[in-house]
Amino acid sequence: MKLHHIGMNVKSLKASKEFYQIYFGFEEELNFRWGSENILFLKKGNCRLELIEEPGEENKRAFLHIALEADDLIKEVALVKEKGLLPVEGPLLLDNGWKVVFFFGPDGEIIELVEE
């Protein structure tokens, strides 16, 4: 078994889509409506994000953070910074040898980049 996708409620599909496309290279995979929800799947390699926009649910946030693995953390951080997004913490070297850096997303979610 493997992880298929991570879903998160967002205030604006448009703003979140642009954020993940611009800063992290995700591409739109699928967009549809399910009941009152507008749903958008974004994909980068084997990683999928499901963005869920539900009218009237602006304060509904149950998502804390997502961790994306990077082959070269310093290179990825430089690319993201070139586009205007600055880390809120890191890069840091953890005791287990992982390198990590943290960014805020458009809805306050934390995006962690990890290099093992």
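In the block above lies the structure referred to throughout.
This section reports on the structure supplied with the text.

This part covers the overall build of the chain. A tally of regular secondary structure across the chain gives two helices and eight strands. Going from N to C terminus, the chain has its helices and strands arranged as β-α-β-β-β-β-α-β-β-β. Here the chain has a C-alpha radius of gyration of 15 Å; the compact-globule value for 116 residues is 13 Å, and the two agree. A principal-axis box enclosing the C-alpha atoms of the chain has dimensions of 45 × 30 × 25 Å. The burial tally for the chain puts 33% of its 116 residues in the buried class. Total accessible area on the chain stands at roughly 7,300 Å², and carbon and sulfur atoms take up 53% of it. Seen as two clouds, the 14 positive and the 22 negative side-chain charges of the chain have centres 4 Å apart.

To continue, consider the sheet that holds strand β4 (residues 47–53). In space, the four strands of this open sheet follow the order β1-β4-β3-β2, with mixed pairing throughout. Edge positions in the open sheet fall to β1 (6–9) and β2 (27–34), since each of these has one partner strand only. On average, each strand axis in the sheet is tilted by 20° relative to the strand beside it, whichever way the strands run. In terms of strand pairing, β1 meets β4 through four bridges, oriented parallel. Pairing of N9 across the sheet is with I52, part of β4.

Moving on to the environment of K11. Within the secondary structure, K11 is located in the loop between β1 and α1 (13–24). Relative accessible area serves as the criterion here: at 51%, K11 is assigned to the exposed category. Along the chain, K11 and G97 lie 86 residues apart, while their C-alpha atoms are 36 Å from each other.

Before going further, it helps to spend a moment on a nonpolar patch on the surface. There is a patch of nonpolar side chains on the surface, built from L92, L94 and W98 and spanning about 230 Å² of accessible area. Topologically, L94 is positioned in the loop between β6 (89–93) and β7 (99–104). On the basis of relative accessible area, L94 is assigned to the partly exposed category, the value being 35%.

Looking now at the nonpolar core. In this structure, Y20, F24, F103 and I111 are the most contacted members of the largest nonpolar core, which totals 22 residues. Elements with a minimum of two residues in this core: α1, β3 (37–44), β4, β5 (65–69), α2 (73–82), β7 and β8 (110–115). Looking at this core element by element, the count peaks at five residues for α1. Other than its neighbours up to four places away in sequence, F103 contacts F24, V77, V80, L85, L86, P87, V88, E109, I110, I111 and L113.

A separate point is the pattern of salt bridges. Tallied over the entire structure, the rule returns four salt bridges. In this structure, the salt-bridge partner of K14 is E18, at a minimum N-O distance of 2.8 Å. Placement of the pair is K14 and E18 together in helix α1, with a separation of four residues, close to one helical turn. Classification of E18 by relative accessible area gives partly exposed; the value is 35%.

Calculation notes
- Residues numbered from 1 in each chain as written.
- Predicted model: local features only at pLDDT ≥ 70, side-chain atom pairs only at ≥ 80, totals over all residues.
- Heavy atoms only, no water.
- Helix = DSSP H or I, 4+ residues; strand = E, 2+ residues; numbered from the N terminus.
- Rg over C-alpha atoms; globule rule 2.2 N^0.38 Å.
- Buried < 20%, exposed > 50% of the residue type's maximum accessible area, 1.4 Å probe, protein only.
- Areas by Shrake-Rupley, 256 points an atom, 1.4 Å probe, with all protein chains shown as cover.
- Lys, Arg positive; Asp, Glu negative; His and termini not counted.
- Charge placed at Lys NZ, Arg CZ, Asp CG, Glu CD.
- Pairing = 2+ DSSP bridges.
- Axes fitted to C-alpha atoms, helices over the stretch in contact; angles between N-to-C directions.
- Patch = residues over 30% accessible without salt bridge, like charges linked within 9 Å, V, L, I, M, F, W, Y side chains within 5 Å.
- Salt bridge = Lys/Arg side-chain N within 4 Å of Asp/Glu carboxyl O.
- Core = buried A, V, L, I, M, F, W, Y, C linked by side-chain atoms within 4.5 Å.
- Contact = heavy atoms within 4.5 Å.

Just distances and angles here, no functional claims.
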